[in-house]
There are 2 protein chains.
Amino acid sequence: MNTTIGWEFYRSFLGVLKEGSLSGAARALGITQPTAGRHIAALEEALGVVLFTRSQVGLMPTEIALALRPYAEAMESTAASLERTATSQGEGVRGVVRVSASDVIGVEVLPPIVAQLREQHPDLKVELVLTDRIHDLLRREADIAVRMMRPEQGQLVARRIGRIELGLYARKDYLSRHGEPRTVNELTSHSVIGYDQRSAFVRKTEKSVHGFSRDMFSLRTDNNLAQLALIRGGAGIGFCQVPIARRDDALTRVLAKKFSLQLETWVTMHEDLRNSPRCRATFDALVEGLQQYVA
Amino acid sequence: MNTTIGWEFYRSFLGVLKEGSLSGAARALGITQPTAGRHIAALEEALGVVLFTRSQVGLMPTEIALALRPYAEAMESTAASLERTATSQGEGVRGVVRVSASDVIGVEVLPPIVAQLREQHPDLKVELVLTDRIHDLLRREADIAVRMMRPEQGQLVARRIGRIELGLYARKDYLSRHGEPRTVNELTSHSVIGYDQRSAFVRKTEKSVHGFSRDMFSLRTDNNLAQLALIRGGAGIGFCQVPIARRDDALTRVLAKKFSLQLETWVTMHEDLRNSPRCRATFDALVEGLQQYVA
DNA sequence: TATCTGCTATACATTTATGTATGAACACGA
DNA sequence: TCGTGTTCATACATAAATGTATAGCAGATA
């Protein structure tokens, strides 16, 4: 019973999971609906399990199918990065490089760095994957990642950028209307912008700042960009990276001595990519650009 | 330019890399040589790179092909673990579980544990992957790993077993023939069994034991099982896990106070597998069995 | 209720991929 | 030097997978 299941089937399987129907998967994959149906049937036959419950509105994945999804996704991202590596081969900085970073970094910090990089290397294409989820570089969902924590996995090339300071900020006109808080407790009477879910960041802040708690947040969103926009829009007081806030004269820091958090910043890359010109160049550009940003 | 490269091609590609020829790959994959050739040709066409230089003795991989190999291997192991997970679905402890461990643990310690586990769960199949290489659980090359170091990767369920002591041992008849060394320096006149390459273990020992160096090894092999066999065969003095040595009355410890190294032992598993009955049962059995072994 | 849209499943034609057979080139050993 | 056992490449027949067309069902909409 040699593992003779066609890898194509997994691709169709993933397509159906993503699209929710045979027809949808067929459209997305560039095949036809009967073919997709046959692939699923063949896969179910080969694995000996039921993957979907058929219905006229689409295919409902079973628990088993959901359990298998991460594997299929891993295969997909690996295939994608194989292609990326292949098409980026050859001398010179060329091809596609995928960079993962938080949305704030991606929107506020990376654009000029990427712009300069592309100026120097016109044949280089850059894909930004903006998410807080720790992308698994080992799975090659991205080539290079900007992270706010020390990388723990082996097989990674990592360069420490330094610490990015985080502080509380508000627009001047907001403060002139509502007054500037002098103590942590005074924050209760303010519009404090913060997180919806009690994330690791919130717990860390609660520990380090006496008197602070999540209940103080009166404007809640887990989207960091939205928080930033709210601060800039004068909606209240919120957390912002100091270098970003400094660019905007309208923003003033609040309770600087109480709230000062440091984010360890690292740029990481899989060590296999060290000799890839495109990754090397991007890595170096990110390190240099981010160091300037931090300083 | 949608990524429309068939995943089957990658499988053939990997086959050719492993076997070194189209014919060999065809045999291994259960296809025919022309098909394998067509797959490679199609893949080269699609990627726009040359993967192999043809010759009548086989196909020589280019640098590019070698660079792509890890990706194809990742896909392969992911596909394999997808199958494993699928066929192990359903209630009850059934299916295949892959356990990674060092060869010594696998040969000397695991057998009775595995035997008892299979006694309790006859539908469970166990695959042992015996290697010192740190298997990447994230890549799912194995479901569960017995490791001699603290796991550093996230997304892992880890249980600490305790410390396994390592000591110097020799057969009594060897010692009666050659005398028992009383100091580290006296080892120079003995047949000391050790490692060929200067591994992390050797460097650690050189640091912790004054006067010790790799040059003392007069019987060298990187195969731990061979070292153990040499000790048991009375060929000299070597390192052995204390619990293993205690089983054999013919073995005596040497320089116990000088040489005493501790191996932190952990059992780890990907957290996704926590709810898999087969992995859960195996994990628990390993933890219990190893704890008894350590104690 | 009638109609539209989306879905799956089936029957049939066709394209595509695969296998079989064979030839030529090279390495190795008698 | 000549056979033997590899290998890859090509031509042709076959088997397999895919696409096309259509029927049937369910839910939404007017």
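Residues numbered from 1 in each chain as written. Chains lettered and ligands numbered in written order. Predicted model: local features only at pLDDT ≥ 70, side-chain atom pairs only at ≥ 80, totals over all residues. Heavy atoms only, no water.

**So, the overall build of chain A**
Looking only at helices and strands, chain A has 10 helices and 11 strands in total. Viewed in the frame of its principal axes, chain A has a C-alpha envelope of about 70 × 50 × 30 Å. The buried share among the 295 residues of chain A stands at 51%. Contacts spanning at least 24 positions in sequence make up 73% of the contacts within chain A whose residues lie at least 6 apart. Surface accessibility of chain A: about 14000 Å² in total, with carbon and sulfur atoms responsible for 49%. (Helix = DSSP H or I, 4+ residues; strand = E, 2+ residues; numbered from the N terminus. Buried < 20%, exposed > 50% of the residue type's maximum accessible area, 1.4 Å probe, protein only. Contact = heavy atoms within 4.5 Å. Areas by Shrake-Rupley, 256 points an atom, 1.4 Å probe, with all protein chains shown as cover.)

**Considerations on the packing of helix H5 (residues 103–120) of chain B against helix H8 (residues 224–232) of chain B**
All names here are of chain B. Contact geometry for H5 and H8: axes closest at 8 Å, N-to-C directions at 55°. In terms of orientation, H5 and H8 fall into the oblique class. Contacts between H5 and H8 involve Asp103, Val104, Val107 and Glu108 on the former and, on the latter, Asn224, Leu225, Leu228 and Arg232. (Axes fitted to C-alpha atoms, helices over the stretch in contact; angles between N-to-C directions. Parallel < 35°, antiparallel > 145°, perpendicular 65-115°, else oblique.)

**Considerations on the interface of chain A and chain B**
The partner chain B presents 37 residues to the 38 residues of chain A that form the contact. Buried area between chain A and chain B, both sides added, is near 3900 Å², and the carbon and sulfur share of it is 62%. Summed over the shared surface of chain A and chain B, the number is 0 salt bridges. For the pair chain A and chain B, the interface holds 7 residue pairs in polar contact (both at pLDDT 80 or more). When contributions to the side of chain A that touches chain B are tallied by element, the ones reaching two or more residues are helix H1 (7–19) and helix H4 (63–87) of chain A. Ranked by residues supplied to the side of chain A that touches chain B, first place goes to H4(A) with 15 residues. (Buried area = accessible area lost by both parts, 1.4 Å probe. Salt bridge = Lys/Arg side-chain N within 4 Å of Asp/Glu carboxyl O. Polar contact = N/O pair within 3.5 Å; in protein donor to acceptor, adjacent residues only side chain to side chain.)

**Let's talk about the protein's contact with DNA strand C**
If you check the shell around DNA strand C, you find 20 residues, and the closest are A:Leu22, A:Ser23, A:Leu59, B:Thr32 and B:Thr35. In DNA strand C, atoms within 4 Å of the protein come 69% from sugar and phosphate. Contact distances for DNA strand C include 2.7 Å between a phosphate oxygen and a backbone N or O atom of A:Leu22. A:Arg27 is positioned such that a nitrogen or oxygen atom in its side chain is 3.4 Å from a phosphate oxygen of DNA strand C. Only helix H2 (22–29), helix H3 (33–47), strand E1 (52–55) and strand E2 (58–61) of chain A together with helix H3 (33–47) of chain B provide two or more residues apiece to the surface near DNA strand C. In terms of residue count, H3(B) provides more of the surface near DNA strand C than any other element does, 4 residues in total. Of the residues belonging to the surface near DNA strand C, the class tally is 7 nonpolar, 10 polar and 3 charged. (Near = heavy atom within 4 Å. Nonpolar A, V, L, I, M, F, W, Y, C, P; charged D, E, K, R; others polar.)

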